[in-house]
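Here is how the chains run, residue by residue.
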Amino acid sequence: MNFNYGYAKETRCFSVPDENLLCEVTQNPVHVEVTGAGAVQDALKHPIGTPRLGELVRPGQKIVIITSDITRPCPSHVILPELLRELSEAGVRDEQITVVFALGSHRVHTAEEQRKLVGDEVYDRVRCVDSAKEGFVHVGVTSSGTPVDIDPVVAEADIRICVGNIEFHYFAGYSGGAKAIMPGVSTRAAIQENHSRMVLEAAKAGNLLGNPLRQDIEEAAAMVGVDFILNVVLDEEKQIVRAVAGDLRKAHEAGCAFLDQLYKIRIPDRADIVITTPGGFPKDINLYQAQKALDNAKHAVREGGIIILAASCGEGLGEGVFERWMLESQSPDAMIERISRDFQLGGHKAAAISMVLKKSRIFLVSDLEDHFVRSIFLEPFLSVDAALAEAFGILGRDSRVIFMPHGGSVLPQVGLGAEPAEG
């Protein structure tokens, strides 16, 4: 069978012999009545757990809309015009509104990137800024000991609206909801303290209510105060297939329940070889982001198998601490040992990759130089076909293969009570 996959801003292809293909892991069929901007409009008309947004705001209030940065696929350019329309109808003037891009620990944007994220209409109408790197406002400390230090524009607002997309997150359970606050507009020290709980067993993809790391995020957001959220779920083509709006927890939980229906995928068994890709730009912009597809793939590969990760990594590794840990560590085992005694934000993703390496080899198809890839304990290849040929040579010509074209979105599970993925 021939397969296409997203790579940077282009499409590439490879082939797998029919007899070797165990399955292709793609989204479950889910009935959707309205998509795109229509889904956003519908969510705003029918919020969950709150009145309509127009009933929550008053003229003269300072309103902040917190939305995702360039490393996320959140279609802010579709969502924000609908939000502004709702606010305008309630008598809110454009000069009262500020859009804050939630950077977390990521790099700042160029003006061109900000404009592209929200679209010309929004960028030309309201103030758009990156979240702060200094001048944070201390709100308090969570019961778990995480400092709640928040971007000053967000902290000083009268109304806070959180925008984002919901997908599985490898230790926060799900993205979206309160993550716009923590880590979105928080200090690096706060993010580091929160993320240090990733080593706890219940901090895993698809786990929301019993996840201690997620509970810490929710507590931090509650301390800051979030008046309204608008979250979307995207299909594999990055189109909005569901939107939820309203209460921080209730609306987010509803969105997560829909995501489970769409992306928790039953597989018949674990494969010898798993081919995975983030799906192209922006999810494969660097290895720091592409790691999510790799982490989901670990649920589909057998012990001693091989994962082939196809990600351009055009911006390299993508984060300073992550890069130092990957380049300076003597072995994957050293990174795992280090994270248990010296948790550092950025280092956590290096440790996560190392934990995958404990289970399987990782072949990387990317734009990175071969010697550089080898220096970070991965094995470089120019194409998926070349990587697959090598994997067959190592594991045998009868090896079973799973393909995950949108590896950062789907969560494969053996024996999950749903229909098997079609192969």
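What counts as what
- Residues numbered from 1 in each chain as written.
- Predicted model: local features only at pLDDT ≥ 70, side-chain atom pairs only at ≥ 80, totals over all residues.
- Heavy atoms only, no water.
- Helix = DSSP H or I, 4+ residues; strand = E, 2+ residues; numbered from the N terminus.
- Contact = heavy atoms within 4.5 Å.
- Areas by Shrake-Rupley, 256 points an atom, 1.4 Å probe, with all protein chains shown as cover.
- Pairing = 2+ DSSP bridges.
- Axes fitted to C-alpha atoms, helices over the stretch in contact; angles between N-to-C directions.
- Disulfide = S-S within 2.5 Å.
- Buried < 20%, exposed > 50% of the residue type's maximum accessible area, 1.4 Å probe, protein only.
- Core = buried A, V, L, I, M, F, W, Y, C linked by side-chain atoms within 4.5 Å.
- Nonpolar A, V, L, I, M, F, W, Y, C, P; charged D, E, K, R; others polar.
- Phe/Tyr/Trp six-rings, centres within 6.5 Å; stacked < 30°, edge-to-face > 60°.
- Lys NZ or Arg CZ within 6 Å of the ring centre and 35° of its normal.

## Quick notes on the overall build of the protein chain
At step 1: When its secondary structure is counted, the protein chain shows 15 helices and 20 strands.
At step 2: Taken along its principal axes, the extent of the C-alpha atoms in the protein chain is 70 × 45 × 40 Å.
At step 3: Excluding contacts between residues fewer than 6 apart, the proportion of contacts in the protein chain whose partners are at least 24 apart in sequence is 76%.
At step 4: Accessible area for the protein chain stands at about 16,500 Å²; split by element, carbon and sulfur atoms hold 47% of it.

## A short note on the side chain of His252
At step 1: Secondary-structure assignment places His252 in helix α9 (residues 248-263).
At step 2: Once residues within four sequence positions are removed from consideration, His252 is found in contact with Ile166, Tyr174, Ser175, Gly176, Gly177, Leu208, Arg214, Glu218, Ile229, Asn231 and Asp247.

## Looking at the sheet that holds strand β4 (residues 63-68)
At step 1: Taken together, 6 strands build an open sheet; the order of strands is β6-β5-β4-β9-β12-β13 and the sheet is mixed. Both outer strands of the open sheet, β6 (127-130) and β13 (240-246), are each paired with one neighbouring strand and no more. Looking at each pair of strands side by side, their axes are set apart by 20° on average, direction ignored.
At step 2: Across 4 bridges, β4 lies against strand β9 (residues 159-165) in parallel orientation. Note on β9: the bridge partner recorded for Ile66 is Cys162.

## With respect to the state of the cysteines
At step 1: One pass over the structure, following the stated rule, counts 0 disulfides.
At step 2: Not engaged in a disulfide, the cysteine Cys74 finds its nearest cysteine sulfur in Cys162; these two sulfurs lie 11 Å apart.
At step 3: On the basis of relative accessible area, Cys74 is assigned to the buried category, the value being 5%.
At step 4: In this structure Cys256 is a free cysteine whose sulfur lies 14 Å from that of Cys162, the closest cysteine sulfur available.
At step 5: Its relative accessible area of 3% is what places Cys256 among the buried residues.

## Considering the nonpolar core
One recurring pattern in soluble globular proteins is that nonpolar side chains are buried together.
At step 1: Counting 86 residues, the largest nonpolar core has Ile66, Ile181, Val274, Leu287, Ile353, Leu378 and Ile402 as the members making the most contacts within it.
At step 2: The element best represented in this core is α9, accounting for 7 residues.
At step 3: Counting residues in each nonpolar core, the second largest holds 34 residues, with Leu53, Val99, Ile159 and Phe228 among its members.

## Details of the packing of helix α8 (residues 212-224) against α9
At step 1: The contact between α8 and α9 brings their axes to 11 Å, and the two run at 140°. Residues Arg214, Glu218, Glu219 and Ala221 of α8 pack against Leu248, Arg249 and His252 of α9.
At step 2: Split into classes, the residues belonging to the contact of α8 with α9 amount to 2 nonpolar, 1 polar and 4 charged.

## Re the sheet that holds strand β17 (residues 361-365)
At step 1: Sheet architecture is open: 6 strands sit in the order β3-β19-β15-β16-β17-β18, paired in parallel fashion. Unpaired on one side and paired on the other, β3 (21-24) and β18 (379-381) mark the two borders of the sheet. Pairs of neighbouring strands in the sheet enclose a mean axial angle of 20°, with direction left out of account.
At step 2: Of the pairings in the sheet, the one linking strand β15 (residues 271-276) to strand β19 (residues 401-404) comprises 4 bridges and is parallel in character. Bridging from a neighbouring strand, Ile275 pairs with Phe403 of β19.
At step 3: Against the sheet, helix α10 (residues 287-297) touches β15, β16 (301-310), β17 and β19, its axis set at about 145° to β16.

## Let's talk about the packing of aromatic side chains
At step 1: This model, assessed by the stated rule, comprises 9 aromatic pairs.
At step 2: Measuring from ring centre to ring centre gives 5.9 Å for Tyr5 and Phe14, while their planes differ by 55°; the resulting arrangement is tilted.
At step 3: Note on Tyr5: relative accessible area 4%, which makes it buried.
At step 4: We classify Phe14 as buried; its relative accessible area is 2%.
At step 5: A network of ring pairs unites the aromatic residues Phe3, Tyr5, Tyr7, Phe14 and Phe403 as a single cluster.
At step 6: Against the face of Tyr7 rests Arg12, its NZ or CZ located 3.8 Å from the ring centre.
At step 7: When the ring centre of Tyr288 is taken as origin, the NZ or CZ atom of Lys349, which lies over that ring, is 4.3 Å away.

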